[in-house]
Amino acid sequence: MPVRDGEWRLRKARTVVKLLALAADQRMHRDEVLELLWPGREVTSAANNLHQVLHVARRVLSGDGASGEWLKLRDDVVVLHAGGLVEVDVLEFERLAREGDLAGALAVYAGDLLPEDRFEEWAGRRREELRATFCEVLVDLAERGEQPGDLLQRALAIDSRHERAVRGLMRQLAAEGRRTEALARYEQLRDDLLGDYGTDPDPETRRLYRELLAVERPAESAPAHNLGAPLTSFVGREREIADVHRLLVRGGLLTLTGVGGAGKTRLADEAARRLIGSVLAYPDGVWFVDLARVTDPRLVADTVAAALGLEPAAGSDPVRTLVGRLATSTAMLILDNCEHLLTACAELAVAVRRGCPGVTLLATSREPLHVPGEVTFRVPSLEVPFDTEGLAQLSSVRLFVDRARDVRPDFELDDGNAAAVAEICRRLDGIPLALELAAARMSHLEPAEIASRLTEALSLLGRRGEVTRHATLRAALEWSHELLSDDEQILLRRLSVFAGSFSLAAAEQVCGELDVLDCLGRIVDKSLVQFERAGDSSRYRLLETIRQLARERLVAAGEADEFEAEHCRHFLRLAVEQDPDGTHGIVVERPQLLDIDHDNLRAALTWAVRHDPERALLLGVSLWRYWLARGHFVEGTDWLDRILAVASQPSPVRARALFALAVLQGRRGTGERLLALGEAGVADAERSGTPADLTWARLMQGMLQLGVAPVDEIALWGLKDEDPRIAATARWLAALAASFREDVGLAREWFARCLDSLRLVDPSAAPFLPAVTLCVPLAPVAGTTVPVFEESWLLGRRVGAVQGHAYALSALGYVHRLAGDLTDARETVESAVEEFGRIDDAAGLAHALNHLGCVERDAGLFEAADKHLREGLRLREQLGDRRAENLSLANLGLLAAAAGDVAEGRRYVRTALDRGRAVDDGPGVGGALLNLAVVELFAGDRRRAQVFASRAVEEFEPQGFLRLEAWTRLFAVSLGSPGAEAAHDLFRRLGCRIGLARAEALLSAAKPVRRSRS
């Protein structure tokens, strides 16, 4: 029954009909109607209005007929039609959609609900529900293959963030060969979700994106994996490999079990190797994780990350971080030697299976992990002969003959030795490791002699009857050990103190008065030590089964304490040699050189914490720069906390450890501990050190206060010290403090004095100056200046006078930028670049190039900025400085946005954000969010900029870096967020002049204007 608009005398008469038509059972309680139509009005007045509205509506609906059935009010319930439900197109659409009649639902959908009521809240909610239902109908129809492209585009026109529709369109585009467009559609969704809601696409959408990326990888490129080239041939096991392939399920867990030496590791390696490049290939790689050398369960997740070539987690939950990074991957992880870490491996397996449906786990262990869904496969022995018939075809015989030829190339299986070889294989129960050890004796024994000696060895097991595989392997190991010469036995047991691999030089230093080179070669020939290549160097390692036997022999010989201590002494020397603080003149950092011995350093620390706290302290202060540079923030803080707990006596070295812990804590985004650790470091120096030690400690305390609190004036006592290093450092601190307070004139004055002082210091002096960088300069954007996260607060590096002079020049450039003087800033930072270049300091040069590129961006010199930022990134990648790489990427994004390519800017900064999130790096994540806000401001989208700035505030607030938080808050306020008072309070507390003036201006502008009465 059509009703012309002009017939409705009262707008609310029409509204009440709409409300009832859309209500459940087309009826509503009177009070609900009153609240919707006349909210807040007195009940009697509103009720009178309702009666008038119902009267008008009845007359319109009934036309010339009787109105008695329309709009009845009975028992405080208003009913649209007393005779039953009225047909409504919206209700019909909902019914058809609910019953699965998608074509029917599509036909009756007439567009947005009540567009004339677009500003009514009651209509808006229902309208959004109907739009969502219609989108689901469109996507469901598209998935049935009915004009999918058009239907998906219609759905996305209604809701551009509808993830099922986006996935469907991505698949459609990829199927049409338009993969680039499919990937771009995902990136648009990702940016929209992050900008509007601060969230990422759901795991299924991210997984599809990764699959499309994997398909895009050129077919001829080598699949990703870290499986090393096998040093010996793989013999037999064809049936077992087929079984492993059959049992491997995408997203599943298969555990190969069996005694040590059964060949679990080699079977897992070969089974995985044969999948590379096959139709079952894993596009994100096959990754072998050696857990034999890991003794701390807390390091399992980071060990997996390292095997994948990923940096370690920076947050407190490495498993969660790893799962987040693998969530969209299609990969295989081989967890080798889990038996001593069962709980940690089980927890990791459960987390990966829940959060990473595309990741397959293949574990090796002497016992199952005992987690839900685990499939176990007990690795059998190689097939053994019962007689000499068909002997050469049996895998156990083939393995023995193959390994015998490694030491005796002319050996052939013949009638004369067949019986003895068969006896050896039977005696050793087809256990691969036992067979390889026996075959290694073929260089000087005949098969019959080996068989005879094995018979004697096995008879020593005691009783007659069935001998277990474990006992058989044990007997073979014992037999092989007894055949070693005295010096070989001594060396083998002493080598058990190494964790993971070791170098020849390390073995010579640790293992005492032996001819290690000759003796080690002989043990390698006997298959008791494995040889492997690491670049241009040789490394050695003991299989875990052999290492355990050797360890028993070391303890039995009463040598365990002596050689574990010697192992610790050797790796302490290595750590001290690689500690940049121990150098003189130009500091050159190569932290990656310690990666190969990371497990041995952990073993040395473990022993020292238990037995020698002072040595543990020296190890900690020598390694903290390595942990910082390589991203091991969590591990480093854990070690230093443990060391400080056992080394409780105050000393200058302990004070250094406290300051080292503070820097690592700051890098993790826990700035609230910095002040307490600084005070503790000063207290230790005061109780145990010289006046110079105390002065240095106060200076370091002042450095820790930068950005988190006003600098204590007592830290500046060294300004007039006779030691030029102390005077220069004190002036450096005074200049930095003035910079953080944004006192441009005073900062320039102190930097000039600092530069003068540094020229007076002996260039060959040991490192003394903390190389602090300012992390939040102000950059010009859209007619104002805003904070940007160009560099993190770097306090980990100490340098000498020459490098310090270059760092001071770069820092002075920040001051010129605060003053708005980009010409002086560029000239000053160019001088820093030249100085770092002359002294061949790659880390300093990368920092200065990064800074120069940012200055040139602000000056509009985009081509020069791009050149310098990319050169800085290249250097940081060579240095392995993962933190700094992310900063360079973010700065390239800011540059792209400033130059007009906002999409490229988002891409770069988003990459930095993803990498920061991947390792739970709080400061890195907050900085990337701040930079994304700036990118959106370059794009002119203040609403999205506000969302990102607010997210950055949330990220920075718990970290304790007050100036960073204050500027980010103020930026968010300028975009429309609340919080001006909080920013003002922080600036006032820190004494930041520019920030305080801006905050006061914003507060003044926000105050209501009082009009005078005349």
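Since this is a predicted model, take the numbers as computed values, not measurements.

Rules used throughout
- Residues numbered from 1 in each chain as written.
- Predicted model: local features only at pLDDT ≥ 70, side-chain atom pairs only at ≥ 80, totals over all residues.
- Heavy atoms only, no water.
- Helix = DSSP H or I, 4+ residues; strand = E, 2+ residues; numbered from the N terminus.
- Contact = heavy atoms within 4.5 Å.
- Buried < 20%, exposed > 50% of the residue type's maximum accessible area, 1.4 Å probe, protein only.
- Pairing = 2+ DSSP bridges.
- Axes fitted to C-alpha atoms, helices over the stretch in contact; angles between N-to-C directions.
- Arc of directions from axis to C-beta.
- Parallel < 35°, antiparallel > 145°, perpendicular 65-115°, else oblique.
- Left-handed = near helix turned anticlockwise from the far one by under 90°.
- Nonpolar A, V, L, I, M, F, W, Y, C, P; charged D, E, K, R; others polar.

Caption draft 1: Structural context of the environment of A685. Secondary-structure assignment places A685 in helix α30 (residues 674–688). For the pair A685 and R698, spaced 13 residues apart in the sequence, the C-alpha separation amounts to 9.0 Å. Setting aside residues up to four positions removed in sequence, A685 forms contacts with A655, D693, L694 and A697.

Caption draft 2: Representation of the environment of A557 in the model. Tracing the chain through its elements places A557 in the loop between α24 (544–556) and α25 (560–578). The exposure class of A557 is partly exposed, given its relative accessible area of 39%. Sequence-wise, A557 and I490 are 67 residues apart; in three dimensions their C-alpha atoms are separated by 9.2 Å.

Caption draft 3: Representation of the sheet that holds strand β1 (residues 27–29). What the 3 strands build is an open sheet, ordered β1-β3-β2; its pairing is antiparallel. The open sheet is flanked by β1 and β2 (70–74), the only strands paired with a single partner. Neighbour-to-neighbour, the strand axes of the sheet open up by a mean angle of 20°, direction not taken into account. The pairing of β1 with strand β3 (residues 77–81) spans 3 bridges and is antiparallel. What sits directly across from M28, in β3, is V78. Sheet strands in contact with helix α1 (residues 11–22) are β1, β2 and β3, and its direction is about 85° off that of β3.

Caption draft 4: Just helix α2 (residues 30–37), in detail. Three or more residues of α2 are buried, namely R30, V33, L34 and L37. In a view along the axis of α2, the buried residues occupy a sector of 100°, so they form one face of it. Looking at the buried residues of α2, the elements they touch are α1, β1, α3 (43–62), β2 and β3.

Caption draft 5: Spatial organisation of the packing of helix α28 (residues 633–646) against helix α29 (residues 652–667). Viewed as axis vectors pointing N to C, α28 and α29 meet at an angle of 150°, and their least axial separation amounts to 9 Å. Comparing the axis directions of α28 and α29 gives the class roughly antiparallel. By crossing handedness, the relation of α28 to α29 is classed as left-handed. Residues F633, G636, T637, L640, D641 and L644 of α28 form the contact with α29, whose participating residues are R654, A657, L658, A660, L661, L664, Q665 and R667. Of the residues that constitute the contact of α28 with α29, the class distribution is 8 nonpolar, 3 polar and 3 charged.

Caption draft 6: Quick peek at the environment of V786. Examined against the element boundaries, V786 turns out to sit in strand β13 (residues 784–787). For V786, a relative accessible area of 4% corresponds to the buried category. Sequence separation of V786 and L932 is 146 residues, and the distance between their C-alpha atoms is 12 Å. Beyond its immediate stretch of four places on either side in the chain, V786 contacts P777, L778, A779, V781, V934, L937 and F971.

Caption draft 7: View of the sheet that holds strand β6 (residues 331–336). Ordered by their spatial adjacency, 5 strands build an open sheet running β5-β6-β7-β4-β8, and the pairing between neighbours is parallel. A single partner strand is all that each edge strand has here, and the edge strands are β5 (286–290) and β8 (374–378). If you compare each strand with its neighbour and ignore which way they point, the axes differ by 20° on average. Of the pairings in the sheet, the one linking strand β4 (residues 253–257) to β8 comprises 5 bridges and is parallel in character. Paired with L254 across the strands is V375, a residue of β8. Where helix α11 (residues 238–247) meets the sheet, it contacts β4 and β8, and its direction lies at approximately 175° from that of β8. Helix α15 (residues 342–355) contacts β4, β6, β7 (359–365) and β8 of the sheet and is inclined by roughly 165° relative to β7.

Caption draft 8: Region of the structure containing unusual backbone geometry. Its identity as a non-glycine residue notwithstanding, N337 has a phi of 70°, on the positive side. For N337, the location among the structural elements is in the loop between β6 and α15. Positive phi is not limited to glycine here, since D840 has a value of about 60°. For D840, the position within the fold is in the loop between α35 (822–838) and α36 (842–858). What makes D840 exposed here is its relative accessible area of 63%.

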